[in-house]
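# Coordinates in review
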Amino acid sequence: MDKLLTVMRREFLSRVKTKGFIIGTILTPVFLIAMMVVPGLLLFLKSDKPKQIAVIDQTGAILDSLTATLSERNASGQRLYTFVKPEARPEEIETLKKSLSEQVDRSELDGYIVIPASIYEEGQADFYGKSVTNFRDNGRIENAISRAVTAQRIQQSGLDSKQVRQLVRRVNLKTFRIAEGGKEEEDQGRTKTVVWILVAFIYMAMLVYGQMVMRSVIEEKSSRVIEAVISSIKPFHLMAGKIFGVGALGLVQYSLWALVMGLLSRYGVKIMGLSASKLTNAKLAMPSLPPETLVFFIVFFVLGYLLFAAMYAGLGAMVNSDQEAQQLVFPLVMLVIIPFLCTFYIIGSPNSQLSVILSLIPFFAPITMFARIAAQTPPAWQIALCLALLVATILGMIWVVGRIYRVGVLMYGKRPTLPEVIKWIKYA
Amino acid sequence: MQTLQIDSIGKSFGKLEAVKDLSLVVPPGTMYGFLGPNGAGKTTTIRMIMEIILPDRGQILIKGRPNTSREVLDRVGYLPEERGVYPKMKVIEALEFFAELKGMKKRDHAPKINEWLARFGMTEVRDKKMNELSKGNQQKIQFLTTVLHAPDLIILDEPFMGLDPLNADLIKDVMLEQKARGAAIVFSTHQMDLAEKLCDAICLINKGQKVLDGEVKHLKRNFGRNNVILAYDGNSDFLKQNGLVKDYNDFGNYVEVHLREGASPQALLAAAMQQAEISRFEIAEPSLHEIFVATVKEN
């Protein structure tokens, strides 16, 4: 047991100290944060700048309403949108547009809007600007014009505008998720995204850390240090020490990331000097997950890692070099990619027959069963069966791989054929 | 009690019988040479002693206990023929790692490591990475890990391979010290002259079978005193002409002759004097080299 810890410590420390690990650990959350925050941040930075927009209003009734509706001011108290009225006679419209375009080009104006007299019938206005992809601005202006036009239409029809507004009020669809025991919870609509992120974490744990175990086995083999090592520790304990050492590294790395993300979603706002209301727009806040989902996440994270780390260790024992390993690694990678690709379907229909079958296949289960649990809690017996099958597979795999490992680490030269590997398992 | 006792072990790989019914004993405080031509089964036997390969038959006892227990193997030091290092590990880390794999605690191995590094003149490299060391220095560190925990049994597969004479002498001295301490040392080598000078006892195996073993002085005596050394100048046809000579090793003006059973050394001298000028004539003990060559050929 002491020796297993010695190996585990070596695996852990020799990796923690590498530049690659330190950089990867720091850069990953920075990258994630950047992905989440930067688009929102850019939006604020842009929209804080006051905009000067000319309006050619051929109806003569929309401009005032527009000015009244979009009256927000930025932090320094300036109006965000200032609408100006150029002199417009219908026969001069093309000339006017030309002169306005020149003003936009000289940056005297941010853009101009043409509201034709036919807007009540045709429902179309045109916006011209240098940048027409600021969806926030476009959306607001569109809404404001739309409201003004609607109000005008109602007025013209002689109906009571208050009554009409009552009649055409929008309907919002609020979504709820049914958890175990029929308990209802409000779904913030972001659960799916979070499930995706968690599934991706399990996926990464199996691939990235599994391959790390494999490389560690190959390194000992190709540097020929293995014989001295296994004369002092049982090969099985060496393998276990490796798997636990790299696993501990994975847990530390993920915990660090979780901690950073947690702190950021709580305090990050203040650090960046943004107000809380803007934060909601930036979608930084993590939706709260039911605690059982997080427990299952950890369970499947650990079990998935153990299963794949054992398989990768066995693969590493069979080959002589990283290049040789890359040729054989494909089937293992497929065992991770297939369930990952199925996740989309499973989150959509978590209780279909296909989903149930996919979630009970031990090699797929860490991803597929977790996705089901996160989407809609499956019957308890299915979870129990899945866990039993998964644990049995892990134990069986460790037994088989332990034997492959014992023989394989001392085999140099030709890559073994499948019958040879079966012989190793029999005679080890 | 014997430090190492091997009772009729055997091991086959498929159709190849690598080791057949091999038995030997090594008492404490013995320098034991494990000799044989390439592919004779030396490394396989050594790996079975270290429980890296499991024997198909027979058992191996170390100080009277089966080697299947890890505590027993913790009292053994092993330098494999395939010697590698963790390239990125610091010297001190590698030494600590292997000491701990042998069950040593930090408070015990820290002073030992310093002591040995000083002895090997390698104190300055303790914080260097293994792959920054020369091959010779790497090998010294590897040797160091086999004696650090003061084992009862030390197994060295080709310990002198690739060492310069200075370092070879250093290793030889440490081996003798360990023997004086009471450890049994089993080592394989192809350098017969060195084995002859160092070993108290040897085992010679060929094609997986033991062909000769025992104390070196007994082996020499039993091999017969029908060995003649001649220094000559002139025609060496006398070596071929008569029925006296079984085989010989001719160096041009110096020849080691192995006489036929019952042949008289005096008769050879008489024949030689007719054809060449003889400056030296000696009835000698056979060298380990001769014993090796003769036995393996016969076999």
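Everything numeric here is computed off the predicted structure, so don't read it as measured data. (Residues numbered from 1 in each chain as written. Chains lettered and ligands numbered in written order. Predicted model: local features only at pLDDT ≥ 70, side-chain atom pairs only at ≥ 80, totals over all residues. Heavy atoms only, no water.)

## Overview of the environment of R70 of chain B
All names here are of chain B. With respect to the helices, strands and loops of the structure, R70 is situated in helix 2 (residues 70-74). Here R70 falls in the buried class, since its relative accessible area comes to 15%. Between the C-alpha atom of R70 and that of E51, which follows or precedes it by 19 residues, the distance is 9.3 Å. Reaching out from R70, the side chain makes a polar contact with the side chain of E51 at a distance of 3.2 Å. (Helix = DSSP H or I, 4+ residues; strand = E, 2+ residues; numbered from the N terminus. Buried < 20%, exposed > 50% of the residue type's maximum accessible area, 1.4 Å probe, protein only. Polar contact = N/O pair within 3.5 Å; in protein donor to acceptor, adjacent residues only side chain to side chain.)

## Comments concerning the interface of chain B and chain A
In this complex, chain B contributes 25 residues to the contact, which on the side of chain A involves 23 residues. Contact with chain A buries area across many residues of chain B, yet R70, Y86 and L101 of chain B alone supply 28% of it, more than any other trio. Our count for the contact surface shared by chain B and chain A stands at 7 salt bridges. Across the contact surface, chain B and chain A share 12 residue pairs in polar contact (both at pLDDT 80 or more). (Contact = heavy atoms within 4.5 Å. Buried area = accessible area lost by both parts, 1.4 Å probe. Salt bridge = Lys/Arg side-chain N within 4 Å of Asp/Glu carboxyl O.)

## So, the pattern of salt bridges
Two side chains with opposite charge may pair up if their charged atoms get near one another. Scanning the model with the defined rule gives 26 salt bridges over all chains in all. Where K63 of chain B meets D152 of chain B, a salt bridge forms, and the shortest distance between an N and an O atom there is 3.8 Å. Remark: D152 of chain B occurs in the loop between helix 5 (135-147) and strand 7 (153-157) and K63 of chain B occurs in the loop between strand 4 (57-62) and strand 5 (65-66); sequence separation between them is 89 residues. A relative accessible area of 41% means that K63 of chain B is categorised as partly exposed. Through salt bridges that share partners, R10, E11, R15, E220 and K242 of chain A make up one connected network.

## Regarding the environment of K129 of chain B
All names here are of chain B. One can find K129 in the loop between helix 4 (106-119) and helix 5. Each C-alpha atom, one on K129 and one on A94, is 9.2 Å from the other, the two residues being 35 residues apart in sequence. Each residue touching K129, except ones within four places of it in the same chain, is listed here: P87, K88, M89 and K90.

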